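Listed below are the residues making up each chain.
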Amino acid sequence: MSAVNPPASGGGNKKVVLWAILTTSVASFMAGLDQLVIITALPTIKDKLGGSLSDLEWTVNAYTLSFAVLMMFGAALGDRFGRRKVFVLGLLLFTAASAAGALAPGINELIAARAVQGAGAAMIMPLSVTLLTAAVPAEKRGTALGIWGAVNGLSVAAGPLVGGAIVEHLSWQWIFWLNVPIGLALAPVSLRMLAESKISGSRLDVVGTILGGIGLFGIVLGIVKGNIDGWTSPLVLGSLIGGAVVMVLFVLWENHTEHPMVPMRLFRIKAFTAINLAGTLMSVGMFGAIFLMTQFFQSIQGYSAMETGVRLLAWTAMPMVVAPLGGMVSDRIGGKPVVTVGLAMMTAGMVWWAFVLEPGTSYVAQLPSLMICGAGMALFYAPLMNLTMASVKEHEQGIASGVTAATREVGAALGVALLASIFSANGGYASAENFVDGLVPAMWVGAAAVAAATLSMLIAPGSKAGGPPVAQSASPSASQSTSQPTSQSSAPAPAKAAPAAAEESAPAAVR
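Residues numbered from 1 in each chain as written. Predicted model: local features only at pLDDT ≥ 70, side-chain atom pairs only at ≥ 80, totals over all residues. Heavy atoms only, no water.

Asks: Explanation requested: the overall build of the protein in the structure shown.
Replies: A tally of regular secondary structure across the protein gives 21 helices and 0 strands. For the protein, buried positions account for 59% of its 511 residues. Long-range contacts, defined as pairs at least 24 residues apart, comprise 84% of the intrachain contacts of the protein with a sequence gap of at least 6. Surface accessibility of the protein: about 18,700 Å² in total, with carbon and sulfur atoms responsible for 68%. (Helix = DSSP H or I, 4+ residues; strand = E, 2+ residues; numbered from the N terminus. Buried < 20%, exposed > 50% of the residue type's maximum accessible area, 1.4 Å probe, protein only. Contact = heavy atoms within 4.5 Å. Areas by Shrake-Rupley, 256 points an atom, 1.4 Å probe, with all protein chains shown as cover.)

Encoded structure:
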């Protein structure tokens with residue numbers, strides 16, 4: 001079973017390649033932005049719609065949980081029914097849910113709309129990577145995916161800035177209305193400019209989907225609720241233990257079913273495992289830090305939501321400059337050293353922050369840590385998906401991107417819960433000094449998580465720069481294209497299958 005032939009754009013049609021980069025990058029930006037864009041609007045939403053603190057937290061968590069739980073299922077749907085078709089369906093679902101969020105009459109309706117938004121994002125994010133990979137020639141793939149990675153990384157970090165600006169100058173509903181024209185414009189463009197592709201004979205793993213969804217939901221729910229209800233509460237312990245047990249059942253099922261949703265053999269590829277471990281640990285540190293930093297600027301240093309977002313530009317704007325360069329460098333020297341340097345820079349930036357943080361610390365003193373973290377994040381995201389795609393065979397790229405994105409979402413939920421728990425155990429909101437007493441140890445733990453991610457990439461297998469990825473081949477006989485005839489006629493012939501040994505160890509996959 002193999003992936004379809006690459007579309008004509010993969011052979012170098014510059015117009016289609018540019019449209020593919022634009023379409024997939026904007027779609028992923030929209031999905032990524034909505035993870036944190038609502039944070040600076042929560043006080044206003046509470047005033048307008050009411051609800052408890054727990055309700056406000058669920059306006060954030062509903063999106064993250066739905067996104068993480070359904071990510072792999074979204075990738076599997078694309079493999080089965082057509083990646084372009086499911087990608088467009090995800091865009092329309094996300095757009096409709098955004099409109100529903102803007103029109104929500106109460107907090108419960110808003111939470112429901114956020115959960116549906118997450119489901120749409122779970123179809124958009126992994127398939128945007130697969131569609132872009134198919135549209136770009138192999139020698140330019142690092143640069144293209146570097147642009148995608150830059151935009152994706154920027155979207156997450158820019159959420160507080162965009163949300164603060166919208167709340168201050170428009171109204172909180174425009175956080176959601178902004179998505180509607182973008183989604184409606186992207187859907188027809190995607191249908192016209194992206195070639196369809198799917199896996200011949202692919203089947204949905206219904207049992208695996210249910211087990212994986214329940215298991216991930218239990219674990220993430222326990223992580224999110226742990227800081228609220230206490231880590232020994234029945235709900236938290238039951239969620240964590242139950243989720244872990246179901247995930248064990250999921251692994252057992254995936255190892256024995258004929259058509260697994262997540263082929264467990266992927267995790268026997270050392271490069272793939274290292275990439276996913278690094279992504280999870282990086283999300284723990286980054287998301288936890290952003291969550292606490294935003295509160296530090298607003299609650300302790302007295303900045304408004306908009307002023308906080310502006311000061312975070314030293315972090316959030318760096319990917320626009322650094323990530324494209326990181327993508328080009330990764331094409332020349334390989335992605336592994338670029339990602340490793342990026343993670344090391346993020347670690348250094350967070351350590352710097354832990355040293356200088358005081359209630360009255362000036363912005364100038366914090367500026368180097370912001371810039372170092374931003375540049376490091378850009379270098380991490382730029383070649384990340386190219387490394388993921390290179391570590392597996394071509395017909396497994398869709399599900400591989402879904403696994404990589406899902407593990408980062410789980411890491412994000414864990415990071416917010418873990419660093420918030422450490423913050424609460426060592427400090428609180430009683431005074432500025434009390435807040436910093438909790439923030440500093442939390443920042444040290446975040447830095448330790450990113451340092452562990454750096455170590456994961458350092459010990460990962462690698463290869464010399466140059467040459468094509470070793471695990472991206474497909475058999476032409478099993479291909480089945482549904483792209484337009486003009487694209488099909490000019491599509492290049494697919495490469496021959498790589499040796500079986502490359503799939504298991506993929507020593508050259510992390511380039």
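Text resumes after the structure shown.
Asks: Could you clarify how one ought to interpret the environment of Thr407 in this entry?
Replies: By the element assignment, Thr407 lies in helix α18 (residues 397-426). Here the alpha-carbon distance between Thr407 and Asn276, two residues 131 residues apart in the chain, equals 6.6 Å. Every residue in contact with Thr407, bar those within four places of it in the chain, is listed here: Asn276 and Thr280.

Asks: Could you clarify how one ought to interpret the nonpolar core in this entry?
Replies: Nonpolar side chains in soluble globular proteins tend to end up buried together. Counting 121 residues, the largest nonpolar core has Phe87, Met286, Trp315, Leu343 and Met443 as the members making the most contacts within it. Phe87 has contacts with Thr23, Ala27, Ile124, Leu127, Ser128, Leu131, Ser190 and Leu194, leaving out every residue within four places of it along the chain. (Core = buried A, V, L, I, M, F, W, Y, C linked by side-chain atoms within 4.5 Å.)

Asks: Is there a simple way to explain a nonpolar patch on the surface in this structure?
Replies: On the surface, Leu237, Ile241, Val245, Val248, Leu249 and Leu252 cluster together into a nonpolar patch covering about 520 Å² of accessible area. Assignment of secondary structure puts Leu252 in helix α10 (residues 234-256). (Patch = residues over 30% accessible without salt bridge, like charges linked within 9 Å, V, L, I, M, F, W, Y side chains within 5 Å. Salt bridge = Lys/Arg side-chain N within 4 Å of Asp/Glu carboxyl O.)

Asks: Whenever I open this one, the confidence of the model for the protein confuses me. Can you help?
Replies: Where the model shows low pLDDT, its predicted coordinates should not be examined in detail. Put simply, the protein has an average pLDDT of 75, and 77% of its residues get 70 or more. Low confidence marks residues 1-12, where pLDDT is under 50. Its contacts with residues over four positions away, or in another chain, come to 54 contacts. When the criterion is pLDDT under 50, residues 463-511 qualifies, and its contacts beyond four places in sequence or with other chains add up to 111 contacts. (pLDDT = per-residue confidence, 0-100.)

Asks: When you look at the packing of helix α15 (residues 335-356) against helix α16 (residues 363-381) in this model, what are you seeing that I'm missing?
Replies: Between two packed helices, what matters for the description is the angle formed by their axes and the separation of those axes. Packing of α15 against α16 leaves a shortest axis separation of 7 Å and a crossing angle of 160°. When the axes of α15 and α16 are compared, the pair comes out roughly antiparallel. As for the relative orientation of α15 and α16, their crossing is left-handed in sense. Packed against α15, whose contacting residues are Val338, Val339, Val341, Gly342, Leu343, Met345, Met346, Gly349, Met350, Trp352, Trp353 and Val356, the element α16 presents Ala365, Gln366, Pro368, Ser369, Leu370, Ile372, Cys373, Ala375, Gly376, Met377, Leu379 and Phe380 at the interface. Looking at the contact of α15 with α16 residue by residue, the class counts come to 19 nonpolar, 5 polar and no charged. (Axes fitted to C-alpha atoms, helices over the stretch in contact; angles between N-to-C directions. Parallel < 35°, antiparallel > 145°, perpendicular 65-115°, else oblique. Left-handed = near helix turned anticlockwise from the far one by under 90°. Nonpolar A, V, L, I, M, F, W, Y, C, P; charged D, E, K, R; others polar.)

Asks: Would you take a moment to explain the side chain of Thr340 for this structure?
Replies: In this fold, Thr340 is placed in helix α15. A residue is classified by how much of its surface remains accessible, and Thr340, at 11% relative accessible area, is buried.

Asks: How do you make sense of the side chain of Thr24 when you look at a structure like this?
Replies: With respect to the element layout, Thr24 can be found in helix α1 (residues 14-33). Contacts of Thr24, omitting those with residues within four sequence positions, involve Ser128, Leu131, Leu132 and Trp148.

Asks: Can you help me understand the packing of aromatic side chains in this one?
Replies: The relative placement of two aromatic rings is captured by the distance of their centres and the angle of their planes. One pass over the structure, following the stated rule, counts 8 aromatic pairs. Look at Phe267 and Phe272: their rings are 5.3 Å apart centre to centre, the planes differ by 70°, and that puts the pair in the edge-to-face class. Note on Phe267: relative accessible area 36%, which makes it partly exposed. Here Phe272 falls in the buried class, since its relative accessible area comes to 0%. Ring geometry for Phe297 against Tyr303: centres 6.1 Å apart, planes inclined by 55°, an arrangement best described as tilted. Overall, the relative accessible area of 0% leaves Phe297 in the buried class. (Phe/Tyr/Trp six-rings, centres within 6.5 Å; stacked < 30°, edge-to-face > 60°.)

Asks: How should the environment of Ala425 be read in this particular structure?
Replies: Within the secondary structure, Ala425 is located in helix α18. Put simply, Ala425 and Ala442 are 17 residues apart on the chain and 9.6 Å apart in space, counted from C-alpha to C-alpha.

Asks: Looking at this structure, I do not really get the packing of helix α11 (residues 270-300) against helix α19 (residues 432-458). What am I missing?
Replies: Viewed as axis vectors pointing N to C, α11 and α19 meet at an angle of 160°, and their least axial separation amounts to 8 Å. By the angle between their directions, the pair α11 and α19 is classed as roughly antiparallel. Between α11 and α19 lies a crossing whose hand is left-handed. Of the residues that constitute the contact of α11 with α19, the class distribution is 23 nonpolar, 4 polar and no charged.

Asks: What's the story with the environment of Lys48 in this structure? I'm lost.
Replies: Considering the arrangement of structural elements, one finds Lys48 in helix α2 (residues 42-49). We classify Lys48 as exposed; its relative accessible area is 61%. In sequence terms Lys48 and Ile107 are 59 residues apart; their C-alpha atoms lie 9.2 Å from each other.

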